[in-house]
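One-letter residues, chain by chain:
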Amino acid sequence: MSMQIRTFEEYKAVYQRSVEDPEGFWAEQAGSFNWRKPWDKVLDWNFRDLDVKWFIGGKLNITENCLDRHLAERGDQTAIIFEPNDPNGETTTYTYRQLYEEVCKTANALHAMGVRKGDRICFYMPMIPQLAIGVLACARIGAIHSVVFAGFSASSLSDRIKDASCKMVICSDYNRRGAKNIPVKAIVDEAVAMGCDSVETVFVHQNTGEAINWVEGRDKWWHEQVDHQQPECPAEEMDSEDMLFILYTSGSTGKPKGVVHSCGGYMVYTCYSFANVFQYQPGDIYWCTADIGWITGHSYIVYGPLLAGATTVMFEGVPTYPDAGRFWQIVEKLKVNQFYTAPTAIRALMAFGDDPVNKYDLSSIKLLGTVGEPINEEAWEWYHKVVGKEKCPIVDTWWQTETGGIMISGLGGLSPMKPSFAGYPLPGIQPCLLDGNGKEIDGNNVEGVLCMKYPWPSMIRTTYGDHERCRQTYFSSYDNMYFTGDGARRDENGMYRIIGRIDDVINVSGHRMGTAEVENAINEHPKVVESAVVGYPHDIKGQGIYAYVITLEPVNDLEGFRKELLAVVTREIGPIAKPDKIQVVSGLPKTRSGKIMRRILRKVASGETDSLGDISTLLNPEVVEEIKDGAL
Ligand code: WT7
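So, here is what we can say about the structure in this document.

## Here we look at the overall build of the chain
Next up, step 1: When you go through the chain residue by residue, the secondary structure sums to 19 helices and 30 strands.
Next up, step 2: For a compact globule of 632 residues, the expected C-alpha radius of gyration is about 26 Å, and the chain comes in at 24 Å, within 12% of that figure.
Next up, step 3: Projected onto its principal axes, the C-alpha coordinates of the chain cover approximately 75 × 65 × 55 Å.
Next up, step 4: For the chain, the residues scored as buried account for 61% of the 632 residues in total.
Next up, step 5: In the form shown here, the chain has an accessible surface area of approximately 23,300 Å², with 48% of it arising from carbon and sulfur atoms.
Next up, step 6: Computed over 63 positive and 83 negative side-chain charges, the separation of the two mean positions in the chain equals 1 Å.

This is the structure in structure tokens:
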């Protein structure tokens, strides 16, 4: 278990040390893991050419640290508690030994099907233990996992399979989500048919047992391949900098990019941050409600907790099925000690009032966490009062797919708490705020662009297949800095408050979306000439999606057209990208050089039409009146 800080005074001292002697500090943290061969050098880094390496020359396998390392001491302790979608279904558990054996069997099956070190394996699965087992099985034999959230469309899935030339897709037959069963295998078939020539095997876990289409030779059943395997599997020796996984995320331009994380640094940082932020104690039951399709699930359902020897909960369902009390029913049933969720879920449940919460005994909870988007004060207060009964600290954890782990956050109840403030950086993390000229803003009570001026072990190494894109996106905006894309404020005590994205990325219910991506999807509709998408404040989702659309000819049946557009976006990206509001316009406000003035569109979408600023320099100022009049 990583070193745990136990007081705020200690945090300050450790932080100081981590900045003065980062290499010594991280070497100490890394020392608590099993390395096949120790590293020769802690760190080499160069942000300008983007070349960052941690624990250089070190050899390890992350699953030996998640599993084997725990067998002697806690082989019989529960590693994973699985809570199914059906509230009357059976809760199942895996001890560390059982998980170890399942992972080994699955790794042997993958190996028998020809999977080797360095191969890319795509997952499109529900939140069931086999997803965690499959991911760990890949890591066991050095295959690179690429988990795609199962809410994405066949087309999005296909793009991701192709980008990483995945050799295998692992899926279930059907996914259970609330009252629905989703035909996941059929979606995979459709995706693979869109030119995924690299796919040799579709590996199917039987989840509901309903009928599916079968491609002889290509498709293999999980149980037929796994059940007879030996429960031991030698772990592949990995270099510290070998790729562990790819996870796709949206940016302000183009298609989603494959964020790459590597073995050694990711292991050290996810474990360290898990142990400290959640102040996990042996025997605690920890529950993160995220999906493993996102980075939160990778780092804080699977890797961080298992590295730390924790008991981690996996929930298959949704917060409102069968009713808005589901989360709290599970907390009571499993006696959850740390509960980690997203502001959008808190706001959605808050809308049902206090009764669904008060029906259950939540006295086991010691700590609450939030992640994914800024939390508004009202939601923070409700979470604190109604869920936490004013006795549980809240950690507001700021981080990103690219950072691999939590960067700015309170540590359990040790740190001062302030609603809607993430707080202080974790040890080893060196944030700064920059002004419009890229100059660092010193002192407190200031606001600027949030950057990192020093590397940390779990940081992004590259974007899959396109290193230059990674350098451009994150390391070229400001010299010698990692650019987060967020704006932030530092208060009089040096605590950070994340304001939100300053690029063309919107955050809808904690899901990250590029406005260009949604526009490209909308533009696929044959009647659309051009579109512009912006975010606007939304009570539950945080941000909603507002689309301005220019059509080839006037639209008579607006409702019908709207439905068609939603269908196109659902087909191209998935239901999470559906615009909340669609306004048909005759033109978009543009500068003389032809650039869309998104600032104006954002203001109109937010209902701030009184403060549009100077529009006289526009190419087509007349269109602004029309857009204002037609605003939804
Ligand atoms: C973006 C990253 C990393 C977990 C899930 C999201 C926003 C994330 C917070 C927070 C305010 C937050 C930022 C960030 N964000 N956590 N606690 N407070 N904003 O990962 O999809 O990579 O999105 O989410 O804007 O840049 P992601």
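There is more to say, and it comes next.
## Structural notes on the nonpolar core
Next up, step 1: If you look at the biggest cluster of nonpolar residues, it comprises 121 residues, and the most contacted ones within it are Leu-99, Leu-110, Phe-278 and Tyr-303.
Next up, step 2: Excluding anything up to four places from it in sequence, Leu-110 contacts Val-115, Ala-137, Cys-138, Ile-141, Met-168, Ile-170 and Phe-203.
Next up, step 3: Formed by 46 residues, the second largest nonpolar core is a distinct cluster that contains Ala-154, Phe-561, Leu-566 and Val-569.

## A word on the site of the ligand
Next up, step 1: Around the ligand there are 17 residues in total, and Asp-396, Thr-397, Thr-401, Asp-486 and Arg-512 lie nearest to it.
Next up, step 2: Residue Asp-486 places a side-chain N or O atom 2.5 Å away from an oxygen atom belonging to the ligand.
Next up, step 3: One nitrogen or oxygen atom from the side chain of Arg-501 is found 2.8 Å from an oxygen atom belonging to the ligand.
Next up, step 4: Sorting the residues of the shell around the ligand by element identifies α10 (295-307), β20 (394-397) and β25 (496-501) as the ones contributing at least two each.
Next up, step 5: In the shell around the ligand, the residues fall into six nonpolar, six polar and five charged.

## A look at the packing of aromatic side chains
Next up, step 1: For the coordinates displayed, the defined rule picks out 45 aromatic pairs.
Next up, step 2: Both rings, one in Phe-47 and one in Phe-475, keep their centres 5.1 Å apart while their planes meet at 55°; by these two values the pair is tilted. Of the two residues, Phe-47 is situated in the loop between β1 (41-46) and β2 (51-56) and Phe-475 in helix α15 (residues 467-475); the sequence distance between them amounts to 428 residues.
Next up, step 3: Looking at Phe-47, the relative accessible area reads 1%, which means it is buried.
Next up, step 4: Overall, the relative accessible area of 3% leaves Phe-475 in the buried class.
Next up, step 5: Seen from their ring centres, Tyr-266 and Tyr-303 are 5.5 Å apart, and the 90° between their planes marks the pair as edge-to-face.

## Concerning the side chain of Thr-106
Next up, step 1: Examined against the element boundaries, Thr-106 turns out to sit in helix α4 (residues 96-112).
Next up, step 2: Given the relative accessible area of 1%, Thr-106 is considered buried.
Next up, step 3: Setting aside residues up to four positions removed in sequence, Thr-106 forms contacts with Ile-133, Gly-134, Ala-137, Trp-222 and Val-226.

## Considering the sheet that holds strand β14 (residues 243-249)
Next up, step 1: Read from one edge of the open sheet, eight strands run β12-β11-β8-β6-β7-β14-β15-β23, paired in mixed fashion. A single partner strand is all that each edge strand has here, and the edge strands are β12 (219-221) and β23 (462-463).
Next up, step 2: With six bridges joining them, β14 and strand β15 (residues 257-262) adopt antiparallel strand pairing. When the bridges of β15 are listed, Phe-245 appears paired with His-261.

## Focus on the pattern of salt bridges
It is possible for side chains of opposite charge to pair when their charged atoms get near one another.
Next up, step 1: For the coordinates displayed, the defined rule picks out 41 salt bridges.
Next up, step 2: For Glu-237, the salt bridge is made with Arg-36, and the minimal N-O distance between the two is 3.4 Å. Here Glu-237, found in the loop between α8 (222-226) and β13 (238-239), pairs with Arg-36, found in the loop between α2 (22-30) and β1; they are 201 residues apart in sequence, far enough to count as distant.
Next up, step 3: Here the salt bridges do not stand alone but share partners, grouping Lys-185, Asp-189, Arg-218 and Asp-219 into one network.

## Considerations on the pairing of strand β8 (residues 168-172)
Next up, step 1: In terms of burial, β8 is a largely internal element, five of the five residues being buried.
Next up, step 2: A two-sided burial pattern is seen for β8, the buried positions comprising Met-168, Ile-170 and Ser-172 on one face and Val-169 and Cys-171 on the other.
Next up, step 3: Of the strand pairs in this sheet, strand β6 (residues 120-124) and β8 are connected by four bridges, and their pairing is parallel. If you follow Phe-123 over to β8, its bridge partner there is Ile-170.
Next up, step 4: In this sheet, strand β11 (residues 201-205) lies alongside β8 in parallel orientation, the contact comprising five bridges. Its bridge partner being in β11, Ile-170 is matched across the sheet by Phe-203.

## Topic: the packing of helix α1 (residues 8-20) against α2
Next up, step 1: Closest axis-to-axis distance for the α1/α2 pair is 5 Å, and the angle between their directions is 115°. The segment α1 lies against α2, with Val-14, Arg-17, Ser-18, Val-19 and Glu-20 engaging Pro-22, Gly-24, Phe-25 and Glu-28.
Next up, step 2: Class assignment for the residues of the contact of α1 with α2 results in four nonpolar, two polar and three charged.

## Regarding the environment of Lys-563
Next up, step 1: Its place among the elements puts Lys-563 in helix α17 (residues 558-572).
Next up, step 2: Along the sequence, Lys-563 and Glu-23 sit 540 residues apart, while their C-alpha atoms lie 56 Å from each other.

The rules behind the values
Residues numbered from 1 in each chain as written. Predicted model: local features only at pLDDT ≥ 70, side-chain atom pairs only at ≥ 80, totals over all residues. Heavy atoms only, no water. Helix = DSSP H or I, 4+ residues; strand = E, 2+ residues; numbered from the N terminus. Rg over C-alpha atoms; globule rule 2.2 N^0.38 Å. Buried < 20%, exposed > 50% of the residue type's maximum accessible area, 1.4 Å probe, protein only. Areas by Shrake-Rupley, 256 points an atom, 1.4 Å probe, with all protein chains shown as cover. Lys, Arg positive; Asp, Glu negative; His and termini not counted. Charge placed at Lys NZ, Arg CZ, Asp CG, Glu CD. Core = buried A, V, L, I, M, F, W, Y, C linked by side-chain atoms within 4.5 Å. Contact = heavy atoms within 4.5 Å. Near = heavy atom within 4 Å. Polar contact = N/O pair within 3.5 Å; in protein donor to acceptor, adjacent residues only side chain to side chain. Nonpolar A, V, L, I, M, F, W, Y, C, P; charged D, E, K, R; others polar. Phe/Tyr/Trp six-rings, centres within 6.5 Å; stacked < 30°, edge-to-face > 60°. Pairing = 2+ DSSP bridges. Salt bridge = Lys/Arg side-chain N within 4 Å of Asp/Glu carboxyl O. Axes fitted to C-alpha atoms, helices over the stretch in contact; angles between N-to-C directions.

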